[in-house]
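Structure assessment
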Amino acid sequence: MANLHLYNTMTRQKMPFKPLNPAEIKLYTCGPTVYNFAHIGNLRTYIFEDLLRRVLRWNGYQVKHVMNITDVGHLTSDADEGEDKMLKGAKREKKTVWEIAEYYAQAFLEDMDRLNLLKPHIKPKATDHIEAMINQIKQLEKNGLTYESGGNIYFDTSKLSDYGKLAQLDKQELQAGARVEVDKNKKNPHDFVLWFTKSKFLDNSESLKGEGQEMQWDSPWGRGYPGWHIECSSMAQKYLGQQMDIHCGGIDHIPVHHTNELAQAEGATFKKPWVQYWMHGNFLVLKDKEKMAKSDTNFLTLQALMDKGYDPLDYRYFCLQSHYRKELRFDWEGMNAARTGLRRLRNKVCKLNSDNATTAPQPLHNRSTTERFETAINDDLNLPEALAETWNLIDNPEISDADKLATIKKFDTVLGLQLDKKLKFQIPDSIQKLIIERNKARKDKDWEQSDKLRDEIQDAGFIVKDGDGGTEVQPK
Ligand code: AMP
Ligand code: ZN
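Remember, predicted model here, so these are calculated numbers, not experimental data.

At this site the zinc ion (ligand 2) is bound by Cys30 (SG), Cys232 (SG), His257 (NE2) and Glu261 (OE), with donor distances of 2.1 to 2.2 Å. Of note is the zinc ion (ligand 2), whose four donor atoms meet at the metal with angles of 77 to 129° in an arrangement that counts as irregular. Mapped onto the sequence, the donors of the zinc ion (ligand 2) take the spacing C-x201-C-x24-H-x3-E. In this pair, Cys232 is assigned in helix α6 (residues 229–240) and His257 in helix α7 (residues 254–269), connecting sequence segments 25 residues apart. In terms of burial, Cys232 and His257 fall into one category: buried.

Next up on the list: the nonpolar core. The biggest cluster of nonpolar side chains holds 124 residues, and the ones touching the most others in it are Ile246 and Tyr315. Top contributing element to this core by residue count: helix α1 (residues 40–58), with ten residues. Split by domain, the residues of this core number at least three in each of domain 1 (5–281) and domain 2 (287–415). Dropping the residues within four chain positions of it, Ile246 is found in contact with Leu6, Phe17, Ile25, Lys26, Leu27, Tyr28, Leu52, Leu56, Val275, Tyr277 and Met279. Core analysis: the next-biggest nonpolar cluster, separate from the first, contains eight residues, Leu434, Leu453, Phe462 and Val464 among them.

Bringing the side chain of His323 into the picture now. Residue position: His323 is located in the loop between α9 (312–320) and β12 (328–329). By relative accessible area, which is 12% here, His323 ends up buried. Apart from residues lying up to four places away in sequence, His323 is in contact with Arg44, Asp380, Leu381, Asn382 and Pro384.

This brings us to helix α13 (residues 401–415). In a regular helix each residue adds 1.5 Å, so 15 residues correspond to 21 Å; α13 covers 20 Å between its end C-alpha atoms and thus fits that length. For α13, the tally of buried residues reaches eleven of 15 residues, placing the bulk of the element in the interior. Every buried residue belonging to α13 is among Ala402, Asp403, Lys404, Leu405, Ala406, Thr407, Ile408, Phe411, Asp412, Val414 and Leu415, and all of these are buried. Lining the buried residues of α13 we find α1, α9, α10 (332–351), α11 (367–378) and α12 (383–394). Phi for Gly416, located one or two positions after α13, is positive at around 65°.

In this section: the pattern of salt bridges. Working definition: two side chains of opposite charge can pair if their charged atoms are close together. Per the stated rule, a full pass over the model turns up 23 salt bridges. Between Arg325 and Asp380 there is a salt bridge, with the nearest N and O atoms lying 2.9 Å from each other. Here Arg325, found in the loop between α9 and β12, pairs with Asp380, found in the loop between α11 and α12; they are 55 residues apart in sequence, far enough to count as distant. We classify Asp380 as buried; its relative accessible area is 0%. Measuring nitrogen to oxygen at the nearest pair gives 3.0 Å for the salt bridge that ties Lys440 to Asp444. Through salt bridges with shared partners, a single ionic network connects Asp162, Lys165, Glu266 and Lys272.

For strand β4 (residues 63–67), a buried count of four out of five residues is recorded, marking the element as mostly surrounded by other parts of the structure. Between the parallel pair strand β3 (residues 25–29) and β4, the chain is carried across by α1, and the sense of this crossover is right-handed.

Right, let's talk about the sheet that holds strand β7 (residues 192–196) for a bit. Taken in spatial order, the four strands line up as β5-β6-β7-β8 in an open sheet, and their pairing is antiparallel. Each of the sheet's edge strands pairs with one partner strand only, and the pair in question is β5 (146–149) and β8 (225–226).

The next point concerns the environment of Met244. As for its position among the elements, Met244 is in strand β9 (residues 244–250). Given the relative accessible area of 1%, Met244 is considered buried. For Met244 and Leu20, which are 224 residues apart along the polypeptide, the C-alpha to C-alpha distance reads 7.5 Å.

All right, on to the packing of aromatic side chains then. Under the definition given, this model contains 19 aromatic pairs. Both rings, one in Phe48 and one in Tyr324, keep their centres 4.3 Å apart while their planes meet at 5°; by these two values the pair is stacked. Of this pair, Phe48 sits in helix α1 while Tyr324 sits in the loop between α9 and β12; the two residues are 276 residues apart in sequence, bridging distant segments of the chain. Assigned by exposure class, Phe48 and Tyr324 land together as buried. Ring centres 5.4 Å apart and planes at 10° place the aromatic pair Tyr147 and Tyr154 in the stacked group. Each of the two residues, Tyr147 as well as Tyr154, counts as buried. A network of ring pairs unites the aromatic residues Tyr310, Tyr315, Phe318, Phe330 and Trp332 as a single cluster. Sitting over the face of the ring of Tyr103, Lys95 holds its NZ or CZ atom 5.3 Å from the ring centroid. It is Arg325 that lies over the ring of Tyr7; its NZ or CZ is 3.8 Å from the centre.

Moving on, we get to unusual backbone geometry. Cis geometry marks the peptide bond from Lys272 to Pro273; its omega dihedral reads -10°. Residues other than glycine seldom take positive phi values, yet Leu381 does so here, at roughly 55°. Mapped onto the elements, Leu381 comes out in the loop between α11 and α12. For Leu381, a relative accessible area of 3% corresponds to the buried category. In this structure, Lys445 takes a positive phi of about 60° despite not being glycine. Structurally, Lys445 is set in the loop between α14 (429–443) and α15 (447–459).

Burial of β9 is extensive: seven of the seven residues sit out of reach of the surface. Judged from the three bridges that link them, β3 and β9 form a sheet pairing that is parallel. Paired with Leu27 across the two strands is Ile246, which belongs to β9. Handedness of the β9-α7-strand β10 (residues 275–281) crossover: right-handed.

Compared with the 28 Å implied by 1.5 Å per residue over 20 residues, the 28 Å span of α10 between its first and last C-alpha is a close match. Considered for burial, the residues of α10 that qualify are Gly334, Met335, Ala338, Gly341, Leu342, Leu345, Arg346 and Val349. Buried residues of α10, seen end-on, are gathered within an arc of 125° and therefore sit on one face of the element. In this structure, the buried residues of α10 make contact with α8 (302–307), α9, α12 and α13.

What counts as what
- Residues numbered from 1 in each chain as written.
- Chains lettered and ligands numbered in written order.
- Predicted model: local features only at pLDDT ≥ 70, side-chain atom pairs only at ≥ 80, totals over all residues.
- Heavy atoms only, no water.
- Donors = N, O, S within 2.8 Å, 3.2 Å for Na, K, Ca; no water.
- Tetrahedral: all angles 85-135°; square planar, octahedral: opposite > 155°, others 65-115°.
- Helix = DSSP H or I, 4+ residues; strand = E, 2+ residues; numbered from the N terminus.
- Buried < 20%, exposed > 50% of the residue type's maximum accessible area, 1.4 Å probe, protein only.
- Core = buried A, V, L, I, M, F, W, Y, C linked by side-chain atoms within 4.5 Å.
- Domains from an automatic or database assignment.
- Contact = heavy atoms within 4.5 Å.
- Expected span 1.5 Å × (residues − 1).
- Salt bridge = Lys/Arg side-chain N within 4 Å of Asp/Glu carboxyl O.
- Right-handed = clockwise from strand over helix to strand, strands pointing away.
- Pairing = 2+ DSSP bridges.
- Phe/Tyr/Trp six-rings, centres within 6.5 Å; stacked < 30°, edge-to-face > 60°.
- Lys NZ or Arg CZ within 6 Å of the ring centre and 35° of its normal.
- Arc of directions from axis to C-beta.

Set out below in structure tokens:
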């Protein structure tokens with residue numbers, strides 16, 4: 001098997017990839033909270049995860065991919081503070097939380113299609129898995145890792161000796177309570193909620209948690225709703241078993257969400273490590289290094305890019321030019337350069353003439369090109385390098401068009417840029433008229449007239465070809 005290396009956040013190192021079971025790689029990626037459209041920052045993370053899947057496929061692995069849809073329990077801070085995100089969306093749009101969830105989940109799937117992202121095999125919704133979550137909380141309770149306070153059930157992080165290992169939160173920081181402690185019910189600053197009921201603080205003052213929450217379920221601890229993190233650990237274990245190969249998300253998930261998922265999963269089963277490779281995508285930022293966030297007003301959606309005339313894959317190309325572990329700055333000059341780059345590349349692919357090949361196309365014929373491409377993608381998904389290799393290939397005069405085309409198609413199984421997609425172009429009415437006249441002349445075998453019309457079309461800047469359906473043209 002090929003020499004794939006991936007950067008593991010847990011060890012802070014690139015490591016050779018060794019699957020739990022080579023017959024099927026188990027992959028879990030944290031999905032969207034569906035209270036608003038995904039912004040292009042979120043989409044950068046999903047593009048990175050898609051590239052990972054495609055690179056695994058290149059290396060001959062079958063992948064079982066689970067991605068959750070969060071439709072309950074995610075408060076505006078990733079810890080347990082603030083308003084419920086779904087409720088916020090419902091208030092904004094004067095709809096029920098269920099309607100909001102349905103609408104934005106659908107919009108997200110549409111964005112995935114537009115960006116040519118491979119679909120996860122299982123997309124469990126949090127609200128369909130309350131029972132699995134309750135079962136995992138019960139197990140944590142049995143293992144002595146929980147306590148009840150002010151009506152909520154909390155995870156007691158002091159009971160897990162390696163709590164915080166993913167984020168490398170050291171004990172000192174844990175004790176000092178580096179984060180502002182707002183929830184007076186917590187015994188330790190990093191403790192987090194597993195199950196909310198309409199809670200009260202220990203001093204009997206009312207907490208806002210649970211206030212106005214439409215989504216509530218009965219549980220052994222009272223009617224309420226789950227904390228955010230429990231959905232991922234319980235659904236991942238339901239669909240992928242007690243251990244998995246790779247777990248992904250954006251870097252913001254390292255200190256809270258993934259740290260807490262990990263505590264729950266290993267706290268419930270005692271089977272370690274729950275995840276063999278943790279992989280995290282860096283942020284898309286704006287000019288002043290500001291992270292694009294859904295709670296801000298200045299976020300851009302894919303639709304907004306399309307409204308400005310970009311092809312969604314222009315944005316994919318934009319992301320491919322930067323390594324997933326590097327911060328990527330978004331600006332319009334960069335988007336325009338990406339659009340030009342993709343157009344030029346597609347145009348060159350379009351012009352490759354595979355008809356006059358002397359031998360059958362051999363995608364792996366140009367060994368050194370393909371090897372360099374493979375070395376790049378297997379070096380922790382170095383897509384900028386792989387893209388540069390794609391350009392080297394297309395511009396290499398020593399490789400036949402047929403071989404180029406076959407190799408590009410193979411590369412595109414990873415790049416996902418639909419490089420052999422025919423460019424859409426407008427043919428002016430005046431040229432359409434000449435095409436009709438020329439087709440008629442050819443039908444009447446009036447070759448002189450046909451040649452005259454061909455020259456006229458060519459002079460107007462088009463290449464003319466005689467296809468089965470008559471005259472075909474494309475811009476020069
Ligand atoms: P959310 O819908 O907020 O749960 O986020 C979905 C995914 O997008 C998560 O994996 C986040 O870590 C990731 N994410 C959030 N903001 C950004 C950003 N500005 N750039 C890249 N990824 C992000
Ligand atoms: Zn998650």
